[in-house]
Amino acid sequence: MYFKAYNFEKKQYQQLSVDYIANKVVYLENGVRRTSYFLTDNGYNMILSTMELENNLKLTVSEMLFKLHLEKADYGKAVNDIKNVFEGLRIQTKKIQEAMRKIRQNALSYSVEEYREIVEEVVDENGAIFLSQLQYSPLSIDELSERVNAVFGDVDFNDIKSDAESFFTRLVDDGFLNCGADVESFSNDGFDYSTLKGRLGYTQLNFRPEESSEAFLINYSKDHPFLQSFHVEITSKCNERCIHCYIPHEQKNTDIEYDMMIAALDQCKQLNVMTIIFSGGEPHPYFCDFLKYAKDLDFNVTVLTNLTRLTDEIIEALKYKHVSCVNVSLYSLEPQIHDSITKLKGSCELTKQNILKLIDNNVAVQINCPVMKQNKDSFYHVINWGQDHKCSVVTDYVIMAKSDRSTDNLENRLSKEDLRFVIEKIAENNVAFKASLKTESFAAGGKTENAVADERVCGVGLSNMCMTSNGNVYPCAGWQQFVCGNIKESSLVDIWNNSPNMNYLRKLRLGDFEKCVGCPDFKFCLMCVCRNYNESESASMFDIPQITCDAANVHHSVVKKYKNIEKANE
C-alpha cells in the first residue's frame with residue numbers, strides 16, 4: 001500500500017510503501033487450510049507508537065493547561081488538570097500492555113471503529129507544532145496559520161488555516177484559550193473581578209477538604225519529591241514591626257543581590273519549578289525587574305506584602321502577564337487594633353485602600369489574617385469585608401516562635417479557650433466547611449483515620465524550598481536556622497537533591513514522634529516540625545508544643561459538634 005507521508009528529515013511529503021498487515025496460509029488438522037492475517041513489524045510499530053504518542057502528548061497538554069489554570073487562579077480546574085497528568089501516567093502502561101497482548105493474539109481483534117477511536121484521540125506532532133505557535137500577545141488566525149505553515153513548508157495554506165481554526169476553537173470552547181474579534185478586545189484578558197459571582201468563600205488553614213489541589217500535590221510528592229515552589233525573601237527590610245512576626249526585627253536589614261536573584265530564577269527554571277513566591281520586607285529596589293523576569297520565564301508568581309508601599313509602577317508590574325496572586329496581611333478593620341499589631345500608624349487604612357486599588361486593577365488578592373489575642377474579637381470582620389470584595393481570606397490561629405528560637409512574640413498567642421472561640425466562629429460562618437462535614441472523610445490535609453507510624457509528617461523537604469536575602473536555603477518559611485545550603489556555594493539543584501538536611505527531613509515518619517502515634521486527634525492536627533524546632537529549648541524538631549495538641553483537640557471537638565448537628569437535621 002502507498003501512503004502520502006510527511007518526511008521530517010526532508011521536510012516534505014512523499015509517497016511511501018508501507019505494509020502494515022500481511023497474511024499467510026496456516027495448515028490445521030486434517031489438511032484444513034486457513035488464511036491467517038497478522039501485523040508486520042511496521043504494523044506493530046505503527047499501533048504501539050501511536051498509542052505511546054497519544055498518551056505522552058496528552059500528558060504534555062495536560063501539564064500546559066494545568067499551568068495556564070494556575071496563572072488564571074482557577075485552582076478548581078488546576079487540580080483536575082494535575083489529576084489528569086498523574087492518572088495518565090498510571091493508565092499509560094496498562095493500556096499499551098493490553099493492546100500489545102490483543103494485537104499479537106490477532107490483529108483483527110481490533111474493530112475498524114476501535115482503530116478510528118485510537119487515531120482520532122491522538123494529539124500528534126502536528127498538534128504540538130500548532131500549540132507551540134501561541135504566545136502571550138494575541139495573534140490572528142491568519143498569523144497563527146502563517147507561523148504553522150512556515151514549519152510545514154509546502155502544505156497548502158488554506159488547509160493549514162482550516163486545521164488551525166478547528167484546533168484552536170476546541171481549546172477556546174473548553175476555556176483554555178481566549179478569543180476576540182480584534183486586539184482591543186483582549187485589553188482585559190486575564191483575571192477579572194467582574195466575572196466573579198457573589199461573595200467568595202474563605203479558606204482556613206485547618207479547614208480544607210482532602211481533595212484540595214494543595215493536598216493532592218503534597219500527597220503525590222510524598223513518594224515523588226519534586227520542587228513545586230520556591231519562596232524567596234528578596235529583602236528582610238520592613239517598615240512594619242508586627243508583634244507576632246517570626247523574623248527577629250534586628251535581622252531586617254538586607255536586600256538580595258540582583259545577580260543572585262536572577263541566577264536563582266534561572267536555576268528554578270532548570271528544576272521545572274512551577275511557583276515563585278516573593279516576600280519581604282517591603283519593596284526591593286529591583287522588585288519590578290525581578291517580577292518581570294520571573295513572568296518572562298513563565299512562572300506562576302505569588303507576592304507576599306503588607307501593601308503599604310504600593311506604587312503605580314508596582315501595580316503595572318503586577319499586571320504584567322498577570323501575577324497569580326498578591327497575599328496581603330490585614331489583621332482588623334479597626335485601625336487601633338491593626339496598627340497596634342503592625343506598630344505602624346496609619347497602616348490599616350493604607351493597606352485597605354491599596355487592596356481596593358489592586359481590585360480596581362484586576363490584580364487577584366488574597367487576605368491573610370493571623371489571629372492572636374489582639375484581634376480575636378474582630379478578625380471575622382476582616383473575613384466578611386474580604387468576601388464582600390470578592391477576595392479569599394485565610395486565617396491562622398497558631399503563631400510560631402521566632403526563627404532565632406526566641407519566644408517573646410508568643411505572649412500574643414491564643415489560649416486554648418481562645419482557640420475554641422475562634423474555631424467556632426470560623427465554623428459557624430464557613431459554608432464550605434459545613435458542606436465538607438457531609439463527606440465520609442474530612443480532615444486537615446486528608447489524613448488517614450488513625451496515626452500510622454510510617455506515614456509522613458508533612459510536606460517538608462518534598463515540594464518547596466525557601467531562600468533568604470543572603471542566599472541561605474532552608475526547607476520552609478520560618479525555619480531560617482535549619483540551613484540546607486547557600487546558593488553562593490552550591491546550585492539549587494545540588495541543594496535540593498543532595499543536602500544532608502533536606503534528605504534527613506524526607507526520611508521523617510510519624511513513628512519518630514512518639515506523642516503522635518495513636519493520638520485520637522491526629523486526623524485534625526497540623527503538627528509542624530518548624531514550629532517544634534523554633535519553640536524547643538533544645539532546638540529539637542521532635543518537641544511538640546502543647547498548643548499544637550490543643551488546636552487539634554479543639555478542631556476535633558468542633559467537627560464532632562457540627563457532624564452531630566448535621567445528623568440531627570437530616
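An account of the accompanying structure is given in this report. (Residues numbered from 1 in each chain as written. Predicted model: local features only at pLDDT ≥ 70, side-chain atom pairs only at ≥ 80, totals over all residues. Heavy atoms only, no water.)

So, about the nonpolar core. If you look at the biggest cluster of nonpolar residues, it comprises 92 residues, and the most contacted ones within it are F230, F278, L318, I367, Y397 and W479. One finds V148, I160, A164 and L171 within the second-largest nonpolar core, a separate group that totals 12 residues. (Core = buried A, V, L, I, M, F, W, Y, C linked by side-chain atoms within 4.5 Å. Buried < 20%, exposed > 50% of the residue type's maximum accessible area, 1.4 Å probe, protein only.)

Take the packing of helix α9 (residues 287–296) against helix α10 (residues 312–319) next. When two helices pack together, their arrangement is given by the angle between the helix axes and by the axis-to-axis distance. Their axes nearest at 9 Å, the elements α9 and α10 cross at an angle of 10°. Looking at the two axes, α9 sits roughly parallel to α10. Between α9 and α10, the contacting residues are F287, C288 and L291 on the first element and E313, I314, A317 and L318 on the second. When grouped by side-chain class, the residues that make up the contact of α9 with α10 number six nonpolar, no polar and one charged. (Axes fitted to C-alpha atoms, helices over the stretch in contact; angles between N-to-C directions. Helix = DSSP H or I, 4+ residues; strand = E, 2+ residues; numbered from the N terminus. Parallel < 35°, antiparallel > 145°, perpendicular 65-115°, else oblique. Contact = heavy atoms within 4.5 Å. Nonpolar A, V, L, I, M, F, W, Y, C, P; charged D, E, K, R; others polar.)

In this section: the pattern of salt bridges. Per the stated rule, a full pass over the model turns up 11 salt bridges. Across the pair K488 and E257 runs a salt bridge, and its minimum N-O distance is 3.8 Å. One end of the pair, K488, is in the loop between β14 (485–486) and α16 (492–498); the other, E257, is in the loop between β6 (229–233) and α8 (258–270), with 231 residues separating them in the sequence. Residue classification places K488 among the exposed positions, given a relative accessible area of 54%. Residues K319 and E316 are paired through a salt bridge, measuring 3.7 Å at the closest nitrogen-oxygen approach. You can see K319 and its partner E316 sitting in helix α10, three residues apart, about one turn around the helix. Given a relative accessible area of 46%, E316 falls into the partly exposed group. One salt-bridge network, in which partners are shared between bridges, spans K292, D296 and K321. (Salt bridge = Lys/Arg side-chain N within 4 Å of Asp/Glu carboxyl O.)

Moving on, we get to the side chain of N306. Relative to the elements of secondary structure, N306 occurs in the loop between β8 (300–305) and α10. Of note is the side chain of N306, whose polar atom sits 3.4 Å from the side chain of E240. The contacts of N306, once residues within four sequence positions are left out, are C238, N239, E240, E282, V328 and T351. (Polar contact = N/O pair within 3.5 Å; in protein donor to acceptor, adjacent residues only side chain to side chain.)

Here we take up unusual backbone geometry. With phi around 60°, H322 is a residue other than glycine that occupies positive phi space. Relative to the helices and strands, H322 resides in the loop between α10 and β9 (325–329).

Let's shift gears to the pairing of β9. Where burial is concerned, most of β9 is hidden: four out of the five residues are buried. With four bridges connecting them, β8 and β9 associate as parallel partners. Counterpart to T302 in the pairing with β9 is C325. After leaving β8, the chain enters α10 and then returns to the sheet as β9, a path that is right-handed. Strand direction decides the pairing type here: β9 and strand β10 (residues 365–370), joined by four bridges, are parallel. Counterpart to N327 in the pairing with β10 is Q366. (Pairing = 2+ DSSP bridges. Right-handed = clockwise from strand over helix to strand, strands pointing away.)

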